[in-house]
Amino acid sequence: GAGVSQTPSNKVTEKGKYVELRCDPISGHTALYWYRQSLGQGPEFLIYFQGTGAADDSGLPNDRFFAVRPEGSVSTLKIQRTERGDSAVYLCASSSDGNTEAFFGQGTRLTVV
Amino acid sequence: GESVGLHLPTLSVQEGDNSIINCAYSNSASDYFIWYKQESGKGPQFIIDIRSNMDKRQGQRVTVLLNKTVKHLSLQIAATQPGDSAVYFCAESSIGGYNKLIFGAGTRLAVHP
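Comments concerning the sheet that holds strand 6 (residues 62-67) of chain B
Residue and element names in this part refer to chain B.
(1) Moving on: Reading across from one edge, 2-7-6-5 is the order of the four strands in this open sheet, with antiparallel pairing throughout. The sheet is open, and its two edges are formed by strand 2 (19-24) and strand 5 (56-58), each paired on a single side. Sheet twist, expressed as the mean angle between neighbouring strand axes with direction ignored, is 15°.
(2) Moving on: Relative to strand 7 (residues 72-77), strand 6 is paired through six bridges, and the arrangement is antiparallel. What sits directly across from Asn67, in strand 7, is His72.

Some remarks on the side chain of Asp56 of chain A
(1) Moving on: With respect to the helices and strands, Asp56 of chain A occurs in strand 6 (residues 53-56).
(2) Moving on: In terms of polar contacts, Asp56 of chain A uses its side chain to reach the side chain of Ser58 of chain A, at 2.6 Å.

Some details on the interface of chain B and chain A
(1) Moving on: Each side of the interface is counted separately: chain B has 24 residues, and chain A has 24 residues.
(2) Moving on: Interface area, chain B with chain A, both sides summed: about 1,900 Å², of which 55% is carbon and sulfur.
(3) Moving on: For the pair chain B and chain A, the interface holds one salt bridge.
(4) Moving on: A salt bridge links Lys100 of chain B to Asp56 of chain A; its shortest N-O distance comes to 3.1 Å.

Regarding the side chain of Ser74 of chain B
All names here are of chain B.
(1) Moving on: Mapped onto the elements, Ser74 comes out in strand 7.
(2) Moving on: Of the residues examined, Ser74 reaches a relative accessible area of 5% and is grouped as buried.
(3) Moving on: If near-sequence neighbours (up to four positions away) are discounted, Ser74 is found in contact with Ile20, Ile21, Asn22, Trp35, Thr63, Val64 and Leu65.

Comments concerning the pattern of salt bridges
Residues and elements named next belong to chain B.
(1) Moving on: Scanning the entire structure with this criterion turns up seven salt bridges over all chains.
(2) Moving on: The salt bridge involving Asp49 is made with Arg57; its shortest N-O contact spans 2.2 Å.
(3) Moving on: Among the residues examined, Asp49 registers a relative accessible area of 13% and is labelled buried.
(4) Moving on: A salt bridge links Asp84 to Arg61; the nearest nitrogen and oxygen atoms lie 2.9 Å apart. Of this pair, Asp84 sits in the loop between strand 7 and strand 8 (86-93) while Arg61 sits in the loop between strand 5 and strand 6; the two residues are 23 residues apart in sequence, bridging distant segments of the chain.

Brief notes about the state of the cysteines
All names here are of chain A.
(1) Moving on: Tallying each qualifying case throughout the model produces two disulfides over all chains.
(2) Moving on: Two residues share a disulfide in this structure: Cys23 and Cys92, whose sulfurs sit 1.9 Å from each other. The chirality of the disulfide connecting Cys23 with Cys92 is left-handed, given an S-S dihedral of about -70°. Residue Cys23 is found in strand 3 (residues 19-24), and its partner Cys92 is found in strand 9 (residues 88-95); the two are separated by 69 residues along the sequence.
(3) Moving on: Looking at Cys92, the relative accessible area reads 0%, which means it is buried.

Focus on unusual backbone geometry
(1) Moving on: Cis geometry marks the peptide bond from Thr7 of chain A to Pro8 of chain A, where omega comes out at -10°.
(2) Moving on: Here Pro8 of chain A lies in the loop between strand 1 (5-7) and strand 2 (10-13).
(3) Moving on: Of note, Lys71 of chain B is a non-glycine position whose phi angle comes to about 55°, a positive value.
(4) Moving on: The residue Lys71 of chain B is located in the loop between strand 6 and strand 7 in this model.

Criteria and cut-off values
Residues numbered from 1 in each chain as written. Chains lettered and ligands numbered in written order. Predicted model: local features only at pLDDT ≥ 70, side-chain atom pairs only at ≥ 80, totals over all residues. Heavy atoms only, no water. Pairing = 2+ DSSP bridges. Helix = DSSP H or I, 4+ residues; strand = E, 2+ residues; numbered from the N terminus. Axes fitted to C-alpha atoms, helices over the stretch in contact; angles between N-to-C directions. Polar contact = N/O pair within 3.5 Å; in protein donor to acceptor, adjacent residues only side chain to side chain. Contact = heavy atoms within 4.5 Å. Buried area = accessible area lost by both parts, 1.4 Å probe. Salt bridge = Lys/Arg side-chain N within 4 Å of Asp/Glu carboxyl O. Buried < 20%, exposed > 50% of the residue type's maximum accessible area, 1.4 Å probe, protein only. Disulfide = S-S within 2.5 Å.

Functional significance is not addressed by these values, which are geometric in nature.
Pasting the structure below:
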């Protein structure tokens, strides 16, 4: 597609369940980022991939959060044992390399009930 | 449903007027600054950026001003239109910092006909 695509657009899950959020970056973009946006706040950095490897995962809040990008394209953000505080919009962005403009997807709204 | 920026400060302007949105950034070592526009249910959209070796940059209907002395950034929108209504975020980063963006709190711009 022409832009960054995230699926699902909305996800409701029960506390304690496992969820996966998917990001399809712009074709050819080597850099991929995950951000989390809580209501009324700006996005917060979670993790940055350059190719297949996580170059910086310093924003992941705890070990329940994990992300992969096995082929250097699609990325999956995985959250184990979800908590109500994990409810937020999870945004994915990509750029052609780590230093050029980042393009954001529309986000996945995660609600933990 | 919920929307981004529900509790953010709001700037209300009349259609056709100029708008000025202000932002204070936190890190004196940041050398790259970006303004994003975010409409409800969408991801942030790049508007304009500026590097720390500049104090002004102009785009189409938008101007960004940077005052490094007081760590202040502003976005000026000329002849504001209803389509400009959105939440605006400033973000800071370091050149070579692979888009590890630190976002400000955001300002909602409401344009009235």
